[in-house]
Amino acid sequence: MPNIFSSKPSENQIFKDERYLYPEFIPEKLCYRDVQLDTLVGILNPVLSNKKVLNIFIHGPTGSGKTVTMRFVLKELESYSDRVKSLYLNCFEFNTRHSILSQIATLLKIPLPRRGIATDEVYSKILQQMKKIDFTPIIFLDEFDRLIDANEASSLLYDLLRGDYGMKSFILALISNKKEIIAELDARVKSSFMYEEIEFPAYEPQQIKQLLKERIEYAFLPNVVEPDVIDVTSGFSAKHNGDVRLAIESLLKAGRNAENDNSKKVKLEHLRKAIDSIQQRLPLKHIPLLDGNEKAILKILVSNDGIYSGNLFKSYRSSVKNPLTQRGFRTKLDSLENKNLINLTLKEKGLRGKTRLVTLNIHRDEIEKLVKGGK
């Protein structure tokens, strides 16, 4: 019996080097982020002279270049000087104080037993090792919102900011989609967290198109991507607040679709199939990034799907400490609908006129563990 992979068509080659479309790829140069790049270099430059460096808080919409810019800067800094070592952690994967401190211990070359040890013991070893190292550790916490949601952020930052580390100290780089996230930290932490703030605006449509052209040039063989593909991909990104990561992912999937069809070109049909598959999971992607009010609304809908907006507002007001006004609540409903998480249907309701019926747009089981469980 022939191997199941032996019949796969492979006559036509599409990619020159598809790694240029991988999410972890760091380009050799960054476009349209000169201001942010210069600001980061200015903040970190004192570390080369053993001077104290302020922490960094980066915010901006998804796919605006926050992560890739920070990783680019740290890569350049570490190649220039051995006085720094950086640790990148995505808080969707590492979302507890223990898991992050364990990764920091590894960076500091602290041997940890395979059986595991208590969190406070890990922290104690970090305190001791920090007094012995000859470099400054930079801890890069991406998707910092996740630590806030897990109620782990303040305790972790308190450890890293207030510990007695001798002459050395940690430099923290936090990344979030939300500008106001620092306000949610414990007061003791906020008083110690001296930082520089850097905003990343969404890419403009023409910038998106140029970024995609550059990735296509390096990732695909010449002339295999049909011209309309770039326009539609750019439009898809623009529709989602200039999220370039979505656009790059759709190009990778479109190329794979073309290969599977044994096509000589990446066509619109391949791209549309890729976009459809991405859009199916987009609502779930939004859930961890919602604010407390939006999550409270979804939590009610998990148990009360198909509820009129007036009744939903009453349940919402009784479930949160500082509820929004009715106008602010309506704005949150509109935001959730724009993210394809709920449907709002206008209904006639007797003498009161019209109201809106609120229903979930995705299966409740899929969001229950993320919203109702808080994880």
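Just so you know, the residues in each chain are numbered from 1, in the order the chain's sequence is written. Restriction of local features to residues with pLDDT of at least 70 applies here, the model being predicted, together with a cutoff of 80 or more for giving and counting side-chain atom pairs; totals for whole chains, interfaces and linings are based on all residues. The side-chain figures draw on all heavy atoms in the structure; neither hydrogens nor water molecules are used.

## Considering the sheet that holds strand β1 (residues 55-59)
An order of β2-β3-β4-β1-β5 is seen for the five strands of this open sheet, with the pairing classed as parallel. Each of the sheet's edge strands pairs with one partner strand only, and the pair in question is β2 (84-90) and β5 (195-199). Neighbour to neighbour, the strand axes of the sheet diverge by 15° on average, direction disregarded. In this description, strands pair whenever DSSP reports at least two bridges between them. Helix numbers and strand numbers start at the N terminus; a helix is a DSSP run of H or I with at least 4 residues, a strand a run of E with at least 2. For helices, the axis comes from a line fit to the C-alpha atoms of the stretch in contact; other axes are also lines fit to C-alpha atoms, and the angle between any two N-to-C directions lies between 0 and 180 degrees.

## Concerning the pairing of strand β8 (residues 354-360)
In terms of burial, β8 is a largely internal element, five of the seven residues being buried. Pairing of strand β6 (residues 307-308) with β8 involves two bridges; the strand directions are antiparallel. Looking across to β8, one finds that isoleucine 307 is bridged to valine 358. Burial status follows relative accessibility: with a 1.4 Å probe on protein chains alone, a residue under 20% of its type maximum counts as buried, one over 50% as exposed, and anything between as partly exposed.

## A closer look at the nonpolar core
If you look at soluble globular proteins, the nonpolar side chains tend to sit buried side by side. With 37 residues, the main nonpolar core has Ile104, Ile126, Leu141, Phe144, Phe170 and Leu174 as its most contacted residues. Contributing elements (two or more residues each) for this core: β2, α3 (97-107), α4 (119-130), β3 (136-142), α5 (145-149), α6 (153-162) and β4 (171-176). Among the elements that take part in this core, α3 stands out by supplying five residues, more than any other. Note on contacts: a residue pair is in contact if any heavy atoms of the two residues lie within 4.5 Å. Phenylalanine 144 has contacts with Cys91, Ala153, Leu157, Leu174, Ile175, Ile181 and Leu185, leaving out every residue within four places of it along the chain. What makes a nonpolar core is a set of buried Ala, Val, Leu, Ile, Met, Phe, Trp, Tyr and Cys residues whose side-chain atoms join them at distances within 4.5 Å. By size, the runner-up hydrophobic cluster in this structure holds 30 residues, among which are Ile208, Leu212, Val225 and Ile275.

## Some thoughts on unusual backbone geometry
In this structure, asparagine 50 is a non-glycine residue whose phi angle is positive, near 60°. Following the sequence through the fold, asparagine 50 ends up in the loop between α1 (34-44) and β1. Positive phi, normally seen in glycine, also occurs at lysine 109, with a value near 60°.

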